Amino acid sequence: MNSLESKDLNLYYGDFHALKNITMSMKKNEVTAFIGPSGCGKSTYLRCFNRMNDLIDNVRITGEVLVDGVDIYQKNILVDDLRKHVGMVFQKPNPFPKSIFENVAYGLRVNGSKDKKLIEERVEVSLKQAALWDEVKDKLKKSAFELSGGQQQRLCIARALAIEPSVLLMDEPASALDPISTAKIEELIYELKNDYTIVIVTHNMQQAGRVSDYTAFFYLGELVEFRKTKNLFTSPKDTRTQNYVTGRFG
Amino acid sequence: MSHLDNELGRIRTKVNEMWDLVEFQVRSGQEALVKGDKTLAEKIIKRGKKVNEYDLKIDQLCENLLALFNPLAVDLRLILAILKINSNLERIGDTAEGIAGLILEANAPLEKDLMEMSRVLEMYDGALLMLSEVKRAFVEEDTQLAKLVMRQDKTLNKIHRNTDRVIIDYLKLHADNIDQSLKVGGIIRKLERIGDHVTNIAEEIVFYVDAKVVKHKPKPWKEKKRKADFQDDPNNKGEETDQENAL
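Residues numbered from 1 in each chain as written. Chains lettered and ligands numbered in written order. Predicted model: local features only at pLDDT ≥ 70, side-chain atom pairs only at ≥ 80, totals over all residues. Heavy atoms only, no water.

As a reminder, the rule being used: UniProt positions are given in the numbering used here, feature names are shortened, and annotations may be inferred rather than shown by experiment.
As recorded in an unreviewed UniProt entry, chain B goes by Phosphate-specific transport system accessory protein PhoU and comes from Adhaeribacter terrigena. Turning to chain B, the UniProt annotation filed under Sequence similarities (unreviewed entry) states: "Belongs to the PhoU family." You can read under Function (unreviewed entry) in the UniProt record for chain B the words "Plays a role in the regulation of phosphate uptake."

Looking at an unreviewed UniProt entry, one finds chain A named Phosphate ABC transporter ATP-binding protein and attributed to Adhaeribacter terrigena.

Right under this line is the structure:
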């Protein structure tokens, strides 16, 4: 079953044609990696799935973007509701200036949850899912800023998971982390795919190879190739993909 | 040229040098056999040490490249293919040494009749042609040539299959020459193995260039012959069984 899908998607920043006729679908409970050189449109495409591009001036979108079969650019779609289903983790950890506990509980409170016991349970489950519980269970009241960069990123993942989305979008989630923290995030992605559909943008091809089931290569706003990861990295069909993954681009 | 291309070029150069050494061993084996030249046979065996050094060096270069450059796509396939080509070349070298050992043990130059009947020199020509053509296929990344080399192995296999019968026929006429007959039988078996190793190398070239796995798969020319045999067989009563479906 397809969880995320786009049909003939075009996106313009003013006159600049950033995404060109992107048609692709991502399966439920699979990890899909987007790779490509800077400026190729992979992050722009990722942000289409939770309408983050709506926040940018002069953006125009044509075509369809579907999450679990629903066109999310229809007028009756509430963006806040959409983002409950589609969580996002960014390149740099961005914890709120609150305690570890309150960071994870934030989404629940914003969505109107007042049941203290339920919130406590969700915080614990989310921190466990993010493989952070054992490291923070004795200091939940401490500021999130006291955590290391890798811990902060896992806290942001826990915060995204707390509202129980079905999709998790990750925009270079480990690019600012050291190798040990990176390995933890990658291990986490591997664990989380049992329950979530995950899309990850990465510049690290080895990381794409390790964590994803499918990989899409973007170039100059086009989707060049989208295949099973092991096939894309061993026998790419398109010369542009071959040149990119072998480091012979340009 | 990028750093990675330089490193890949370095490994290719080493493989080509090793190929030359191994080709020398096989070619010299033919000469030593014809002339009964034991000095040359000893030289072939000594050259084996150099081949082993290349084997180790190429393995090490490939390991380093895998660890340091994380090659992908065609580069990854090239390195995986080279690791196997290296191993097959080393075994061809070992086999050539084995033949040289048999030549050293022979008490006199081989009888001309025996060489003609057994077609051992024809076998040598076939193995040498395969070895040089497969090298060209590797250097020029020519998969058509690699596939042609795979077909050439048929000739070696055919001669090898007839060896026992030919040697028995020869012994009926020359019962006093058992030692040489057995040695020629041994040489033919080893040349047949060389053909198999060269075929393995050709399969790796197809994998590297075309990203296609052809090893352990029915070869088109074998399939064609099998179907022709099936149609010619008066005992066949119906459709062929689809092997995959049967499984």
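Focus: the overall build of chain B
So the rule is basically this: A run of H or I in DSSP counts as a helix once it spans at least four residues, and a run of E counts as a strand once it spans at least two, with each numbered from the N terminus. Each residue gets one of three labels from its accessible area relative to the maximum for its type: buried under 20%, exposed over 50%, partly exposed in between, using a 1.4 Å probe on protein chains only. Two residues form a contact once any of their heavy atoms are found within 4.5 Å. The protein chains shown are the only cover counted for residues, whose accessible areas, like all others here, come from Shrake-Rupley with a 1.4 Å probe.
For chain B, the helix and strand inventory stands at 9 helices and 0 strands. Starting at the N terminus and walking to the C terminus, you meet the elements of chain B as α-α-α-α-α-α-α-α-α. Burial statistics for chain B: of 247 residues in total, 45% are counted as buried. Across chain B, contacts joining residues at least 24 apart in sequence account for 83% of those joining residues at least 6 apart. Carbon and sulfur atoms form 51% of the exposed surface of chain B, whose accessible area is close to 13,300 Å².

Quick word on the sheet that holds strand β3 (residues 31-35) of chain A
Residue and element names in this part refer to chain A. Inclusion rule: Whether two strands pair depends on DSSP finding at least two bridges between them. Geometry is summarised by axes, namely lines fitted to C-alpha atoms with helices restricted to the contacting stretch, and by angles between N-to-C directions that run from 0 to 180 degrees.
Read across the sheet, 6 strands follow the order β6-β7-β8-β3-β9-β10 without closing on themselves; strand pairing throughout is mixed. Where the open sheet ends on each side, the last strands, each with one partner, are β6 (86-89) and β10 (222-228). Taking the axes of each pair of neighbouring strands and ignoring which way they run, one obtains an average angle of 15° across the sheet. As defined by bridge partners, β6 adjoins strand β7 (residues 167-171) across 4 bridges and the pair is classed as parallel. The partner of G87 across the bridge, within β7, is L168.

Notes on the sheet that holds strand β4 (residues 59-67) of chain A
Residues and elements named next belong to chain A. Read from one edge of the open sheet, 4 strands run β2-β1-β4-β5, paired in antiparallel fashion. Two strands bound the open sheet, and with one partner strand each, they are β2 (16-27) and β5 (70-71). Pairing geometry for strand β1 (residues 2-13) and β2, over 8 bridges, is antiparallel. Note on β2: the bridge partner recorded for Y12 is H17.

Some details on the interface of chain B and chain A
Often, the extent of an interface is quoted as the loss of accessible area on bringing the components together. Filter applied, for reference: Throughout, the accessible surface (probe 1.4 Å) given up by two parts as they are put together, summed over both, is called the buried area. What counts as a salt bridge is simple: a side-chain nitrogen of Lys or Arg found within 4 Å of a carboxyl oxygen of Asp or Glu. Under the scheme applied here, ten amino acids are nonpolar (Ala, Val, Leu, Ile, Met, Phe, Trp, Tyr, Cys and Pro), four are charged (Asp, Glu, Lys and Arg), and all others, including Gly, are polar.
Taken residue by residue, the interface counts 11 residues in chain B and 10 residues in chain A. Of the roughly 820 Å² buried between chain B and chain A, counting both surfaces, carbon and sulfur atoms make up 52%. Put simply, A:R248 and B:D75 hold a salt bridge, and the shortest N to O gap is 2.8 Å. For the side of chain B that touches chain A, the leading source of residues is helix α3 (residues 73-105) of chain B, giving 5 residues. The residue makeup of the side of chain B that touches chain A, split by class, is 7 nonpolar, 1 polar and 3 charged.

Here we look at the UniProt feature "domain: PhoU" (unreviewed entry) in chain B
Residue and element names in this part refer to chain B. UniProt's entry tags residues 15-100 and 120-205 with the feature "domain: PhoU" (unreviewed entry), counted in the numbering of this structure. Taken end to end, residues 15-100 is 94% helix and 0% strand, and its first and last C-alpha atoms sit 23 Å apart. The straight-line gap between the two end C-alpha atoms of residues 120-205 is 28 Å; of that span, 93% is helix and 0% is strand.

What about the nonpolar core?
Convention followed: Put simply, buried Ala, Val, Leu, Ile, Met, Phe, Trp, Tyr and Cys residues joined by side-chain atoms within 4.5 Å make one nonpolar core.
In terms of nonpolar packing, the biggest core is built from 64 residues, with B:I11, B:V15, B:W19, B:I85, B:L89, B:I92 and B:L191 touching the most fellow members. Listed by contribution, the elements that provide at least two residues to this core are α1 (3-35), α2 (38-69), α3, α4 (112-118), α5 (120-140), α6 (143-173) and α7 (178-210) of chain B. Ranked by residue count, the leading element in this core is α3(B), at 13 residues. Residues contacting B:I85, with those up to four places away along its chain left out, are B:V15, B:W19, B:F138, B:I201, B:E204 and B:I205. A:V89, A:I157, A:L177 and A:Y196 belong to the second-largest nonpolar core, a separate cluster that totals 47 residues.

So, the environment of A:D178
Residues and elements named next belong to chain A. In plain terms, the rule: In the analysis that follows, any N or O atom pair within 3.5 Å is treated as a polar contact, provided that within protein one partner can donate a hydrogen and the other can accept it, and provided that, for residues neighboring in sequence, both atoms belong to side chains.
With respect to the helices and strands, D178 occurs in the loop between β7 and α7 (179-192). Looking at D178, the relative accessible area reads 38%, which means it is partly exposed. It is 7.5 Å that separates the C-alpha atoms of D178 and G150, two residues lying 28 residues apart in sequence. A polar contact of 2.8 Å, which involves the side chain of D178, links it to the side chain of S181.

A look at the state of the cysteines
Condition: A pair of cysteine sulfur atoms is labelled a disulfide when the two atoms are within 2.5 Å.
Overall, the coordinates contain 0 disulfides over all chains when judged by the stated rule. With no disulfide of its own, A:C40 has A:C48 as its nearest cysteine by sulfur position, at a separation of 13 Å.

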